[in-house]
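Geometric and topological summary
Residue strings, one per chain:
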Amino acid sequence: MVSFLPLMIAILAILSLILHSFYVYSRFGVKDVPNERSLHDVVTKKSGGMFFIPLFLIATLFLLFCPQMGELLPLPTDPAQRMDIYLLLAGVILFCILGLIDDLYHLSPKLRLFLELTLVAVFLYWTNSEITYFHLASIPKFIQIMGLTIFLVFAVNLVNFMDGMDWYLVTTIFLSYFSLAFIFPNFFAVGNFGYSFYLILFVSMFGFIFYNFPKAKLFMGDSGSLAFGFFVMALPLFVGKWTEPKSEVWDATYYFYLFPYFWLDGIFILIKRFFQKKHLFSAHREHLYQRITETKLGKIGSLGIFSTLNFTLVCFHFVLKTYGVPNSLILILLFLFSAFSYGILWIFVPRKNLA
């Protein structure tokens, strides 16, 4: 049985590659037409999520209903924990469906926002997730659900926005996973629940990752990026419910590790555009990764810079953790490093008139 895991992973990866290849080279599909904020200049297929999200769901359910497989790739077996998984998977598929509908029919922003807020609020209510804020005691449930709903929806849409940069989203989440494993090894390290979910997801995405490498032939689209964003934001909420000791609870500040430069870039640009009295949600090309792409470095250069920075953060985290530095101090130091490196890049990257 021990040798079955590599075979299962290989089958899932090959199936992912076959499905995505068929989609990329077929005549049908959803196409992403370049606009004023796009980093690609040719029509490119999108909605890759309608393939890797179902693969992820099917593979996860297969492991849940085959107890013998749980010894190879463990998932929670407690009935309450399994219900949490079903709610998580339901949220993923609903966000995938919502994104696919938006890809096809372009929902109004207000309707899409309302549906996203509703989905996240219902998920948080039914899962009764445990979370602290700045390592303080949890706030009242109603206020927590309201605030966390707005925050998670903002993060999901930030992930959606970053989908247009080839491999940027995938490499960021892949590298930041290791920081999560340093913080909560009982959940994210090899052989634990978080590791199993991430492994299944990334193997299911193998075909997408292959075709998303610069110059990308496929994007996630809303069907993939909304579901992907929801998954990476929602999974850590179960740290305090599925692991021992129960004193380990996910803190909101740890979301920084999921995509540190996404947060810095996204929030900084929003603030900048607010003070410049520009429309906050209109298409633009002011993000730092977009500016770097406009230089001679191109997409590969931009990807290389941010991947190197994210990898450096992971290495610093490993060293600080090895020497017993408290998590709160590690977070402060890595935030300062991120802010400083981002600021240096912002100052020295040439500017263009990108309205």
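The notes below deal with the structure included here. Just so it is clear, the structure is predicted and the values come from calculations on it, not from any experiment. (Residues numbered from 1 in each chain as written. Predicted model: local features only at pLDDT ≥ 70, side-chain atom pairs only at ≥ 80, totals over all residues. Heavy atoms only, no water.)

**Some words on the overall build of the protein chain**
- A count of helical and extended segments in the protein chain gives 16 helices and two strands.
- Here the C-alpha radius of gyration of the protein chain, 20 Å, is about what a compact globule of 355 residues would show, namely 20 Å.
- In terms of principal-axis extent, the alpha carbons of the protein chain reach across some 55 × 50 × 40 Å.
- When each of the 355 residues of the protein chain is scored for burial, the buried share is 53%.
- Here the contacts in the protein chain between residues at least 6 apart in sequence split such that 75% fall between residues at least 24 apart.
- Split by element, the accessible area of the protein chain, about 16500 Å² in all, is 74% carbon and sulfur.
- With 24 positive and 19 negative side-chain charges, the protein chain shows a separation of 10 Å between the mean positions of the two kinds. (Helix = DSSP H or I, 4+ residues; strand = E, 2+ residues; numbered from the N terminus. Rg over C-alpha atoms; globule rule 2.2 N^0.38 Å. Buried < 20%, exposed > 50% of the residue type's maximum accessible area, 1.4 Å probe, protein only. Contact = heavy atoms within 4.5 Å. Areas by Shrake-Rupley, 256 points an atom, 1.4 Å probe, with all protein chains shown as cover. Lys, Arg positive; Asp, Glu negative; His and termini not counted. Charge placed at Lys NZ, Arg CZ, Asp CG, Glu CD.)

**A few points about the packing of helix α9 (residues 193–204) against helix α11 (residues 221–234)**
- Running from N to C, α9 and α11 cross one another at 165 degrees; their axes reach a closest spacing of 12 Å. As the angle between them shows, α9 and α11 are arranged roughly antiparallel. The two elements α9 and α11 meet at a crossing, and its hand is left-handed. Here Phe197, Tyr198 and Leu201 of α9 lie close against α11, whose contacting residues are Phe228, Phe231 and Val232.
- Class assignment of the residues belonging to the contact of α9 with α11 gives a composition of six nonpolar, no polar and no charged. (Axes fitted to C-alpha atoms, helices over the stretch in contact; angles between N-to-C directions. Parallel < 35°, antiparallel > 145°, perpendicular 65-115°, else oblique. Left-handed = near helix turned anticlockwise from the far one by under 90°. Nonpolar A, V, L, I, M, F, W, Y, C, P; charged D, E, K, R; others polar.)

**Here's the deal with the packing of aromatic side chains**
- According to the stated counting rule, one finds 49 aromatic pairs in the structure shown.
- Aromatic pair phenylalanine 123 and phenylalanine 230: ring centres 5.1 Å apart, planes at 75 degrees, arrangement edge-to-face. Taken together, the positions of phenylalanine 123 in helix α5 (residues 109–127) and phenylalanine 230 in helix α11 put the pair 107 residues apart, joining distant regions of the chain.
- Judged by its relative accessible area of 3%, phenylalanine 230 is buried.
- Measuring from centroid to centroid gives 5.9 Å for tyrosine 261 and phenylalanine 306, while their planes differ by 65 degrees, and the two rings are edge-to-face. (Phe/Tyr/Trp six-rings, centres within 6.5 Å; stacked < 30°, edge-to-face > 60°.)

**Topic: the nonpolar core**
- By size, the foremost hydrophobic cluster in this structure holds 105 residues, and its most contacted members are Phe188, Tyr198, Phe231, Leu235, Trp250 and Phe259.
- Not counting chain neighbours up to four residues away, the residues in contact with leucine 235 comprise Leu88, Phe187, Phe188, Gly194, Phe197, Tyr198 and Trp242. (Core = buried A, V, L, I, M, F, W, Y, C linked by side-chain atoms within 4.5 Å.)

**Description of the pattern of salt bridges**
- Counted under the stated rule, the structure contains eight salt bridges.
- Aspartate 102 is the salt-bridge partner of arginine 112, the closest N and O atoms lying 2.5 Å from each other. With arginine 112 in helix α5 and aspartate 102 in helix α4 (residues 79–105), this pair connects stretches of sequence that are 10 residues apart. Comparing arginine 112 with aspartate 102 shows no difference in burial state: the two are buried. (Salt bridge = Lys/Arg side-chain N within 4 Å of Asp/Glu carboxyl O.)

**Quick look at the environment of serine 108**
- Among the structural elements, serine 108 can be located in the loop between α4 and α5.
- In this structure serine 108 comes out as partly exposed when scored by relative accessible area, which is 39%.
- Sequence separation of serine 108 and asparagine 128 is 20 residues, and the distance between their C-alpha atoms is 30 Å.

**Structural notes on a nonpolar patch on the surface**
- A contiguous nonpolar surface patch, about 480 Å² in accessible area, is contributed by Leu94, Ile97, Ile101, Leu104 and Tyr105.
- Relative to the helices and strands, leucine 104 resides in helix α4.
- A residue is classified by how much of its surface remains accessible, and leucine 104, at 45% relative accessible area, is partly exposed. (Patch = residues over 30% accessible without salt bridge, like charges linked within 9 Å, V, L, I, M, F, W, Y side chains within 5 Å.)

**Topic: the packing of helix α15 (residues 298–322) against helix α16 (residues 327–348)**
- Interhelical geometry of α15 versus α16 gives an angle of 155 degrees and a closest axis separation of 10 Å. One element, α15, and the other, α16, form an angle in the roughly antiparallel class. Helix-helix and strand crossings are classified by hand; for α15 and α16 the assignment is right-handed. Taking contact as the criterion, the partners of Ile305, Leu309, Thr312, Leu313, Phe316, His317, Leu320 and Lys321 in α15 are, on α16, Asn327, Ile330, Leu333, Leu334, Phe337, Ser338, Ser341 and Leu345.

**Focus on unusual backbone geometry**
- At the junction of proline 214 and lysine 215, the peptide bond is cis and its omega measures out at -5 degrees in the coordinates.
- Unusually for a residue other than glycine, serine 47 sits at a positive phi of about 70 degrees.
- Within the secondary structure layout, serine 47 lies in the loop between β2 (44–46) and α2 (49–64).

**Details of the side chain of serine 179**
- Looking at the secondary structure, you find serine 179 in helix α7 (residues 168–183).
- Classification of serine 179 by relative accessible area gives buried; the value is 4%.
- Apart from the residues within four sequence positions on either side, serine 179 is in contact with Tyr257, Val314 and His317.

**Regarding helix α6 (residues 141–161)**
- In this model, α6 (21 residues) spans 30 Å end to end at C-alpha, consistent with the 30 Å of a helix rising 1.5 Å per residue.
- Within α6, the full set of buried residues consists of Gln144, Ile145, Leu148, Thr149, Leu152, Val153, Ala155, Val156, Leu158, Val159, Asn160 and Phe161. (Expected span 1.5 Å × (residues − 1).)

**Some details on α16**
- For α16, with 22 residues, the first-to-last C-alpha span of 32 Å sits near the 32 Å given by 1.5 Å per residue.
- Of all the residues in α16, the buried ones are Ile330, Leu331, Leu334, Ser338, Ser341, Tyr342, Leu345 and Trp346. Burial along α16 is one-sided: seen end-on, the buried residues are contained in an arc of 140 degrees. Away from its buried face, by an angle of more than 90 degrees, α16 presents the exposed residues Phe340, Ile347 and Phe348.
- Of the surrounding secondary structure, the elements contacted by the buried residues of α16 are α13 (260–275), α14 (288–293) and α15. (Arc of directions from axis to C-beta.)

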